[in-house]
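A look at the structure
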Amino acid sequence: MNIAVLLRAVPDPVEELELNDEGTDLDRDFLGYVLNEFDDHALEEALLIKEDVGGTVTVFAPGNADEVDQILYTALAKGADAAKKLGDDLGLLDAHAQAALFADALSGGDHDLVLCGVQASDELDGQVATLVAAMLDRPHVAVVVGTRPGDGSIRVTKEYWAGITADYDVDLPAVLGIQAAREAPRYVAVAKIRQAQQAGGLEEIDVEAPESTARVKVVEMRIPEAGEGAEMIEGDEEAAAERIVEILRAAGVV
Amino acid sequence: MSNDVLVYVEHLEGAVTDSTFELLALGRGLASVKGGELVAALVGSGVESLAGELGAADRILVVDDERLAIFDPQGNARVLTTLVRDREPAMVLVPYTSQGMDLAADVAVGADLPLVSFCRAVRADGELGATVQLYGGKVEADVVVDADRAVFAVLSGAASAEDGRSGGAGNVEQVAVDVGDLAIRAAGVTLPEAGDVDIATQEVLVAVGRGIESEDNIEEVQELADALGAAVAASRPIVDQGWLPKTRQVGKSGLKVKPKVYLALGISGAPEHVEGMRDAATIIAVNTDPQAPIFGVAHYGWVGDLFDLVPELVDRVEGE
Ligand SMILES: Cc1cc2nc3c(=O)[nH]c(=O)nc-3n(C[C@H](O)[C@H](O)[C@H](O)COP(=O)(O)OP(=O)(O)OC[C@H]3O[C@@H](n4cnc5c(N)ncnc54)[C@H](O)[C@@H]3O)c2cc1C
Ligand SMILES: Nc1ncnc2c1ncn2[C@@H]1O[C@H](COP(=O)(O)O)[C@@H](O)[C@H]1O
């Protein structure tokens, strides 16, 4: 099975975020990026499928952040067979533009399966996985939590809520939005990533940032005031423990 | 085009979901601003009886196809796309849930409409627009769409489900849609096994997130839970790591809980988590990141390290 995995760098969720002067976007000058957490699950599921039935795993990522090289080399170190960076210094890309880049890179390829994280934190204008599927006119299932590859099709488990799931048989080629891999994403030692870096093997594909077709405009962005409406407890852990016990007492649970 | 607002009716195992009633409540208001009808799209097999719960809608389009007895990501998307193309509603509301995530982008591409994701509020006065949550809930944005029609994927909690619940069906209209050949076929639904602790019935929950760092550290939190007579619950990554069973997961794809006290330790407060716990009577959040969105839903918050706090709390609670 030949599998393409779509990877995206997203702003690091644990970093302090600031807005630009116009208040319409994040201030991206000093922003750190990390691999979208669900894309990491998509990569893991792809590697597991390859281990099951053989084949290849090719990872693609738009070159829109400094961290993209590191993300792609990490995927190679984990066991991907090839890594392709789509463009360089592309700047801000919305979901439609990212999907168009991916769809373009994939069209004409012979991928049986395209895996992508089910969502990313910056998808204001729709999920990339579904958009790619729609652009390529391939069947698509979102919120997938496990797969069993078959012959010409793949059995996927889609998660609903409260522990309810449903299984589907999906004809190949297909696109899956991965919520969680069957197993937690593997860890790879920094030394192995460095090895991958030294070996090179990252292919840069020269593309321009595509015209976006998103048609959604940010008028104003806000970072909500921390603890708006909450009583923020001051002081060290002893003071905090003291106050929390008072709160528990008032709630009648201690 | 029309001024109608079309709501996709999400249902599973014969029950219309709360998300649908929330969208009906939201759509009611939007339809009256637009001066159009609130139209519900009910898709499945043998589902017409569910129309009786959709009284909030003026019109219910029922599409019946035995191949859609179980939600089919491709079949249901084709039906919705066809309805949207034929009826040209001004606004299409889809829940941002496991089903809606299969539909929203597909319909937007298929009917050539702009799409807004992660909506917490939707507006129809003047330009169509929404308030959305981005970056795991850390950022909020007001957006407008550059078109007079659009698809909105709406987060749970945008309106009250109670307000959208109303019996007495509106106009029921059977619509035939040819779904064509399907490349996706449902093979069956699996319901969760009972067992383990039922976190939905606990008075106190001590919930841990990725801030707990390792499986071993859960023991420390279990100690606190024991002292409180509480159960340990968790955010999704903790369950995906296999550190706690699925039955302990709170949120969009886990359980909705409503304890007297919810103590959130090292949980950022992503919208998918918050929708499972925001109705707790008292929410206490502990996080090292002062910007963590969990502080936006908490009643009490402390910015600090959970590993400093938990032993202090155990001592004091055991002394009570
Ligand atoms: C379709 C879908 C369904 C989903 N369903 C769910 C669901 O049901 N439930 C759910 O929870 N998520 C769900 N998610 C995932 C959700 O998007 C988030 O990824 C998840 O909630 C994040 O979990 P977290 O807060 O534990 O981790 P993170 O977001 O990584 O947050 C960890 C937090 O811990 C803090 N921290 C770190 N160290 C410490 C310390 N020592 N002391 C105190 N604080 C510390 C950090 O500042 C950070 O805020 C779903 C996602 C999708 C796409
Ligand atoms: N714990 C639960 N038990 C039963 N149904 C649930 C539970 N959690 C969520 N749901 C249903 O799933 C729908 C979608 O959930 P959500 O993704 O949270 O909007 C909701 O509208 C509920 O009807």
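Before going into details, it helps to say that this report is about the structure given with it. (Residues numbered from 1 in each chain as written. Chains lettered and ligands numbered in written order. Predicted model: local features only at pLDDT ≥ 70, side-chain atom pairs only at ≥ 80, totals over all residues. Heavy atoms only, no water.)

What follows covers the sheet that holds strand β13 (residues 204-208) of chain B. On the basis of which strands lie adjacent, the open sheet formed by six strands has the order β13(A)-β17(B)-β16(B)-β15(B)-β13(B)-β14(B) and parallel pairing. Of all the strands in the sheet, just β13 (231-233) of chain A together with β14 (231-234) of chain B have a single pairing partner and so form its edges. Across the sheet, the axes of successive neighbouring strands diverge by a mean angle of 20 degrees, strand direction being ignored. Two elements, β13 of chain A and strand β17 (residues 300-303) of chain B, share three bridges in a ladder whose sense is parallel. Within β17 of chain B, the position partnered with Ile233 of chain A by the bridge is Trp302 of chain B. The sheet strands contacting helix α5 (residues 218-228) of chain B are β13, β14 and β15 (261-265) of chain B, and the helix crosses β13 of chain B at an angle near 175 degrees. (Pairing = 2+ DSSP bridges. Helix = DSSP H or I, 4+ residues; strand = E, 2+ residues; numbered from the N terminus. Axes fitted to C-alpha atoms, helices over the stretch in contact; angles between N-to-C directions. Contact = heavy atoms within 4.5 Å.)

Another point: the interface of chain B and chain A. On the chain A side, the residues contacting the 85 residues of chain B number 83 residues. For the pair chain B and chain A, the summed buried area comes to about 7100 Å², and 59% of that belongs to carbon and sulfur atoms. Ranking the residues of chain B by area buried against chain A places Met101, Tyr135 and Trp302 of chain B at the top, with a combined share of 10%. Joining chain B to chain A, the criterion identifies ten salt bridges. (Buried area = accessible area lost by both parts, 1.4 Å probe. Salt bridge = Lys/Arg side-chain N within 4 Å of Asp/Glu carboxyl O.)

Turning our eyes to something else, we now look at the site of ligand 1. Taken together, 31 residues are adjacent to ligand 1, and Glu37 of chain A together with Ser235, Ser253, Ser268 and Asn287 of chain B come closest. The environment around ligand 1 is built from residues contributed by chains A and B. Here an oxygen atom of ligand 1 and a backbone polar atom of Arg236 of chain B are 2.9 Å apart. Within the side chain of Gln249 of chain B, an N or O atom sits 2.7 Å from an oxygen atom of ligand 1. Coverage of ligand 1 by the protein chains reaches 91% of its 990 Å² of free accessible surface. When the residues that make up the shell around ligand 1 are grouped by side-chain class, the tally is nine nonpolar, 15 polar and seven charged. (Near = heavy atom within 4 Å. Polar contact = N/O pair within 3.5 Å; in protein donor to acceptor, adjacent residues only side chain to side chain. Areas by Shrake-Rupley, 256 points an atom, 1.4 Å probe, with all protein chains shown as cover. Nonpolar A, V, L, I, M, F, W, Y, C, P; charged D, E, K, R; others polar.)

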